[in-house]
Each structure stands twice: as C-alpha cells, then as structure tokens.
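Spelled out, the chains give:
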Amino acid sequence: MRVILLAALAIATVNGQVSYERLGSSHESANWLTYSGGYRSWRYSDLQRISTRNADKLKLEWVYQMPTTLMVETSPIVADGVMYVSEPPSNVVALDAKTGRQYWRYHRELPTPINVCCGQVNRGVAILGNRVFVGTVDAHLVALDAKSGAVLWDVAVADHKTGHAITGAPLVVKDMVICGIAGGEYGIRGFLDAYDAATGKRRWRFWTIPEPGQPGGDWAGDSWKTGGGPTWVTGSFDAEQNLLIWGTGNPSPDWNADSRPGANLYSDSAIALDVDTGKLKWYFQFIPHDTHDWDAVQVPVLVDDDWRGQKRKLIYWAHRGGFFYVLDRQTGEFLMGEPFAKQTWAKGLDDAGHPVLLPNIEPSPEGTYLWPGVQGATNWYSPSYNPETKLFYLSYWENRSVYRKGEQEYTAGNRYIGSVPLIDLPEDLGNGGIRALNPKTGAKVWEYKLQTKPWAGVLSTAGGLVFGGSDEGYFFALDAATGKEMWRQNLGGIIRANPVTYLVDGKQMVTIAAGNAMFTFGVE
Amino acid sequence: MSRLATFLIAIPLMAQQSDQHPPPSTPADIAAGAKTFRSHCAPCHGYNGEGGRGPNLAAGRFYHGSSDLDLFNNITNGIAGTEMPGNFYSAVRIWQVVAYLRSLSANIEKPTGDARRGAKLYDAQGCARCHRIDGSGSGLGPDLSQIGSARSLEHLRLAIIDPSADVQPRYWRAVFEDSQGKKINGFLMNEDTYTVQIMDMNEQLHTYEKAGSVNYRIEKSSAMPAYTALSADEVNDLVAYLWTRRPQ
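Here goes a summary of the coordinates provided. Numbering of residues starts from 1 in each chain and follows the order in which that chain's sequence is written. Note on labels: chains are lettered from A, ligands numbered from 1, in written order. Totals for whole chains, interfaces and linings use all residues, but because this is a predicted model, local features are given only for residues with pLDDT of at least 70 and pairs of side-chain atoms are given and counted only at 80 or more.

## Focus: the overall build of chain B
Part 1 of the argument: Regarding its fold elements, chain B presents nine helices and seven strands.
Part 2 of the argument: Overall size of chain B, expressed as C-alpha extent along the three principal axes, is 70 × 45 × 25 Å.
Part 3 of the argument: Remark: C-beta atoms are placed from the backbone, and a residue is labelled buried if 20 or more other C-beta atoms sit within 10 Å of its own, exposed if 12 or fewer do, or partly exposed between those counts. Burial analysis of chain B (248 residues in total) assigns 26% to the buried set. Counting from the N terminus, the helices are DSSP H or I runs at least four residues long and the strands are E runs at least two residues long.

Rendered as structure tokens:
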C-alpha cells in the first residue's frame, strides 16, 4: 500500500496534471479520477485504511453546503488534493479535499424554460490535463480551467428547446471527452458524442437510433426521428479493445408504442463503439420494443475472469428490468441472465438473452400492475465490483407500478411519453436495499434491507467494506463479505448520489452527497 | 365575482403578455386543454388534476398565484425552486390548459344539507376532541379548517360513515411493544429502516429503535369511529358544514 501511495504522489508531483495515462492507471487509488473510479467502472478502491476493523470509528471531517434546492446526484472527482463537484443544475465547484473549503465556483446562467424529465440534476464532471469538463441541462459541454474555473470552451451539443439535456458525467478517453445526452421523455433522437478535449470540436457522433437504410434502421415511418435512446449515464472503456461500452435508454414514447413497431434498435441496449471512430462494433438489446421505460442506462462493469472454464472478457450488468446479465465484451454475446429482484413481466430469458414475455404485461388504459415499477429494479446509481470478494454489489428495489397507456403526440420540446403511469402506489410503496450477487450465477449472497427504495450507488473497498446510502438520509458501511452493518450515520437529507473514496495527507476519506451537501468522513 | 368573469376581465392583459388573441374557452378548447394536460401535466398532477407528485389542481386553489395570468406564466415558465418545469407549447395551447384547469373547479357539487345544523352537530358529537378548526380543538386527527376545498362531498360523507375506507398514511396507527412490555398505540408519524416516530393518543411524541421491539405492527384502519348512527340528514348537514370550511 505504501508503495502504491508513493507512486501515486510521485506521478502527481511530476506531472501536476491529470494525464490520460493516469486516468487509466491502476495506481491512482489516492485519487478518484473518473466517474466510476476507473475505466472498468468497478467503483472500487484498493484503499484499506478504513476497514471492517475501524469502520465504527468513522467521523465527520467536513461538510460543504450547496446553494441549491435541486436534487443532488453528483459523484465527485478527486485529483491531487482537489475535489471537483458538480452542483445542480449545471454548476461546478473545486474544493480542498482535506477541508471542503472552496477554491473556485463556476455558475452557469441558464435559459428558461429548461425541460428535463426528472429534475435538473448533474451527476459529475470529468478531468484531463488542466481541464474539467461538465455537461449542462441546456445541452452544452463546457471545459473549465481546473485551477480557476474559467471557461476555456463552451459548445452546444444539442438544442435544449427540443428536450435535449446533459445530466450525466462526461468520460475522458485519450484526448476526447465522451458525452451522452438525455431526453428520452421528450422524443429526442439519441446519440453519443466525442469532443476534442483541447478545442471542443466534435470528433464523431453515434446515433443510437439509426436512420432508414442503416443497420438497425427499421423504424416505422418517421418514428426514428423521435425514437429516444438517450445515453444519460456514464459508460465504461475497454482500453485493450479500444471500445467504449455504453448503455442506451428507452425508446420514445415510453408507454405507448403504437407509433414504433419493431425492436426499436438501439434503444435499451449495451453498445460497443470504437473510441477513435464512434463506429458500432456490437450491440446487445436487453429489451426489444420496450414499453415500460426500462432504460439500459446502468454503469457497465468490465471484468476479466474465468467463465465456465475459459478466460473471458466480461461485462456485468444489472438492468432496470430486474435481470442481472453477463455479456462477452469482445462480441456482445449473451452468456447469462438471472433475475435479481421480483419481476412479473418475463418468464425468463431465452438462449440469446431476449426476454420470454408473460401475457398481459403491456400498459393499458385501465392500468397494468407490474414488478418492477417504472423506476426499475435498479437504475442509474452505480453498482460496484470487488475483485477480492468477487461479488457484484448493487442497490435494488422491490416495488411495482401501474403502467397506463395514454395519448401520444409529439411537439418539439414537450413531453412525449404516451401515458400517465402511477409510479408509486401510495399504500404499497415497496422497499429496497443492498444486495451482493455472485456474478457467476446471479445468486444472491447477502442483502441489507431498507425500509425505503435507495437511489444511492454503492462503493466497495479493499478494506472489506461496502458503502451505501438511503432516501432516509443514512450513510452506512457494510461488511463486504456478509452484509453486516458496520457503521451508519444519519445525514439528515435524501441521499441520491454515489460515494467515492480517496487519500489526502495519507488519510483515507469517504465522500457522499446528501440533501444539498457533500459529507466527508475519515477515521483518526 | 365568478371565475368566468375574472377570466374575461383578465383577457386584455393576458393577450398582451402572450401576444395572442383572447384566450379560448369553448368546450372544444377545454377538451384540447385536457388533451395537452394529460400528455404533459398529468404524470405529476394526476389524470384529472387530482394531484400526485404535484399538487391537486382541481380544487381551484393554486399556491403560486391564482389569476389566469399566474397560471399561464407558471405553466409556460415553470416554477423556480420546485419540480414544476416549463414547456415549449404555443400560447394558445397554454391558454387551453388554463381553461381546462378552470373547468375542473367550475362545477363543484354543492351540498344539500344545512351547514348551521351541521356546525351544531359537530359540537354535539364531540368532533373537536380529535379535530381542530380555526385553532379550536385537538390536533390528534386532521385539521378541518379548510377541508371543504380539499375533499369532495362524497369523500366527506364517506369519511364520516366509513372513515377506514380511505386513511392517509399520516393517520395509520403504529403499535409498538418493547422488551419490558411497554406498549404504545399511536399515529405513525414517520418511519425508517431503524426507527419509528409515533404520536400517542395524548399527543405525546415518541421515537423507538425497531431493534428494541418485541412487537411492532402498522394498522391502516382509522382511529375514528364510524358514525353510522347518524341519520342521512344529519350526515348531509355535517357534510354541508365541513364543505364551508375553506379559505376565505
């Protein structure tokens, strides 16, 4: 551990900036340099100064209060003692990672109105060199000076007046900023973009909804123009194969599919793109012709491991529809899929991984009750993979919704959902918690039940811990092997964010957003 | 002044603001407003404006301005500090939505009972032992000071003769017994994974660790007795009195 720490500090001292090599390094545990803490998106740290032995001694180090009443979903970046935090709707602050004191603040003036389906949120920033990158709810991508917060460039990714917004954290790969788009409830045509980190010039765009004549372009009539397939959660990067692995969201309109017969490619899919060209190498569609808004916008977890006797490059993916999938990362081949939460829509998955649908599951004018609910059995909040326990951890939900089919009418910039679903049943709100899965079988190893449905991601560490949070405001640490609670603290505000960990002055810190503040804990 | 009169008087100002001709108010326009409402607004405000994630819009009360122009602006631009977004519909369509919202409360059913007799009945039946109106009475049950604008006549009637038919979660009861045999029966104020917050029948507040319970359960029936001994006329009188309880 000491060697790793010294190596990380040496790199920081020599370079003084965050290079691409550092982003992909496995020796950067003192920092948290990408959204998921590494290109494989394990949201795992090999730091172990906070462990099962001393987690009960976790104490508050500092709090940073945000001047906002909007929901905070941020996952910070930490680089060489500075924490970069996105604030909703589209602001950024740089904080001293040791004290929480502010260095600078970028405030974005936004036009009105801004339409974002589920709140004007932002889930984080990206960093490269002396630049910090943030997407905005008015669909711009902005590069900021990492030392001062000054705007270096600001480009329009799309028109916010047509329902486009950026809520996810960008991902830097090589000299590019990869940027997704939100707007699946506004009838956008989804895409994933790459921008030159130095200039802001767009390198490539991959349309997640192909036009007629292109592979996958079998949408009826003009429905492809409003077909959805957003890319609003940060994906992963396989450096060996030079592949971006990213998830796409629901086809539009969500719950009335009359206008879009067919599979609706590449909505609700995992897509693998050559990072230099944006060309599609393979795809796997979790739910062809989705009618329930079960986006595939989860973080793809990339693992190299034995699979039934063979060394394979794998993807672990807990999907919103309630199944845990294992895919081959080289081909997209479906290897396994097992339910991880209650679901009443599929008898199971066939050999190709396609759902075998049960009858009477379609949204209807009178309403169709179904597990999981509209928000899924899991959602955008991050899972974690721990290479020591070899377990996959996630926040899960057990709840149902009433899926109603309603009118659909496209008008630019306005909702295009085709329904009025009852997302939460007032007298049957459901519940959730944290589950550890054996990714080789999909079997549940342990669970930590919560009264409510958690919107917080999980972080696992070499200290044998899993950190998570709840809507009740509790931040907690669990034994990664057993799920036993080691520590918890009520932070007094809803937690809808992902935790991160880092070192500062040799001390391990754990940070999560709760309410409208960032909380950082350490052990003396 | 009727809603319609307010609406018509406000038209010149609205037209100026929206740069449109006088806003529509025909049945066809209201129907068009309903269609827009159901595709854009209903996911939060309910299919018929009854509320959900967003406030009830069918009672004729609006917390961020009740004039037609207030409604137009709030629908167009959203409401800062809330989850209410703006939109990109044309001014005509926004006015249609305003017309639809007005229609929701234009034909509210009137009670047939006698409100004065109902007020006396309220006192005679001891309703104030649990309920509060304009500061008088107990805080144990729901405050009824403005209940007339929040509930339909049928809902009020049902709440009297069959109160368990629709109990808000705030009035579910928690029964908690600890390892020493101490038992608390009260209203479930709040609950999380580890603790429960209860108001007992003496309006005292308690927090308990669930881990310390030997018996903990939630009863979703109402603590209020069913007043089935009242005659139909008496129920109507009581409903009429409660219906008058609304913002002045």
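## Points about the overall build of chain A
Part 1 of the argument: Broken down by element type, chain A carries two helices and 37 strands.
Part 2 of the argument: Burial analysis of chain A (524 residues in total) assigns 60% to the buried set.
Part 3 of the argument: We call two residues in contact when their backbone-placed C-beta atoms lie within 7 Å. Across chain A, contacts joining residues at least 24 apart in sequence account for 59% of those joining residues at least 6 apart.

## Regarding unusual backbone geometry
All names here are of chain A.
Part 1 of the argument: Cis geometry is found at the peptide bond from S252 to P253, where omega equals -5 degrees.
Part 2 of the argument: Assignment of secondary structure puts P253 in the loop between β16 (243-247) and β17 (269-274).
Part 3 of the argument: That bond from W371 to P372 is cis: its omega, -5 degrees, falls within 30 degrees of zero.
Part 4 of the argument: Summarising the element assignment, P372 is placed in the loop between β25 (368-370) and β26 (384-386).
Part 5 of the argument: The residue S41 is not glycine, and still its phi comes out positive at about 60 degrees.
Part 6 of the argument: Taking the C-beta count within 10 Å as the criterion, S41 has 28 such neighbours and is therefore assigned buried.
Part 7 of the argument: Its identity as a non-glycine residue notwithstanding, N264 has a phi of 60 degrees, on the positive side.
Part 8 of the argument: Locating N264 in the fold gives a position in the loop between β16 and β17.
Part 9 of the argument: For N264, a count of 29 C-beta atoms within 10 Å corresponds to the buried category.

## Description of the interface of chain B and chain A
Part 1 of the argument: Across the boundary between the two partners, chain B contributes 20 residues, which contact 23 residues of chain A.
Part 2 of the argument: Tallying contributions element by element places helix α3 (residues 27-45) of chain B first for the side of chain B that touches chain A, with six residues.
Part 3 of the argument: Split into classes, the residues belonging to the side of chain B that touches chain A amount to seven nonpolar, eight polar and five charged. Each residue gets one label: Ala, Val, Leu, Ile, Met, Phe, Trp, Tyr, Cys and Pro are nonpolar, Asp, Glu, Lys and Arg are charged, and the others, such as Gly, are polar.

## Looking at the environment of G187 of chain A
All names here are of chain A.
Part 1 of the argument: Here G187 is to be found in the loop between β12 (176-179) and β13 (191-196).
Part 2 of the argument: You can call G187 buried: it has 28 C-beta atoms within 10 Å.
Part 3 of the argument: Between the alpha carbons of G187 and V500 there is a distance of 34 Å; along the sequence they are 313 residues apart.
Part 4 of the argument: In this view, G187 contacts G163, T226, G228, S252, P253, Y410 and Y416; residues no more than four positions away in its chain are not counted.

## Here we look at the environment of S51 of chain A
Residues and elements named next belong to chain A.
Part 1 of the argument: Relative to the helices and strands, S51 is located in the loop between β1 (44-45) and β2 (59-65).
Part 2 of the argument: Since 17 C-beta atoms lie within 10 Å of it, S51 is described here as partly exposed.
Part 3 of the argument: When the C-alpha atoms of S51 and P111 are compared, they prove to be 46 Å apart, with 60 residues separating the residues in sequence.
Part 4 of the argument: Filtering out sequence-adjacent residues up to four positions away, S51 remains in contact with G463, G464 and L465.

## Observations regarding the sheet that holds strand β36 (residues 507-514) of chain A
Residues and elements named next belong to chain A.
Part 1 of the argument: Two strands are counted as paired when DSSP detects at least two bridges linking them. Here four strands make up an open sheet; going across it, the order is β2-β37-β36-β35 and the pairing antiparallel. Where the open sheet ends on each side, the last strands, each with one partner, are β2 and β35 (500-504). On average, adjacent strands in this sheet sit at an angle of 30 degrees to one another, irrespective of strand direction.
Part 2 of the argument: Pairing of β35 with β36 involves five bridges; the strand directions are antiparallel. The residue bridging Y502 from the neighbouring strand is M509, located in β36. Orientation is described by lines fitted to C-alpha atoms, with helices fitted over the stretch in contact, and by angles between N-to-C directions that extend from 0 to 180 degrees.

## Notes on the sheet that holds strand β8 (residues 131-135) of chain A
Residue and element names in this part refer to chain A.
Part 1 of the argument: Reading across the sheet, the four strands line up as β7-β8-β9-β10 and stay open at both edges, with antiparallel pairing between neighbours. Looking at which strands have only one partner, the edges of the open sheet turn out to be β7 (126-128) and β10 (151-156). Taken over all neighbouring pairs, the strand axes of this sheet differ in orientation by 20 degrees on average, direction set aside.
Part 2 of the argument: Examined bridge by bridge, β8 and strand β9 (residues 140-145) share five bridges and lie antiparallel to one another. Counterpart to G135 in the pairing with β9 is L141.

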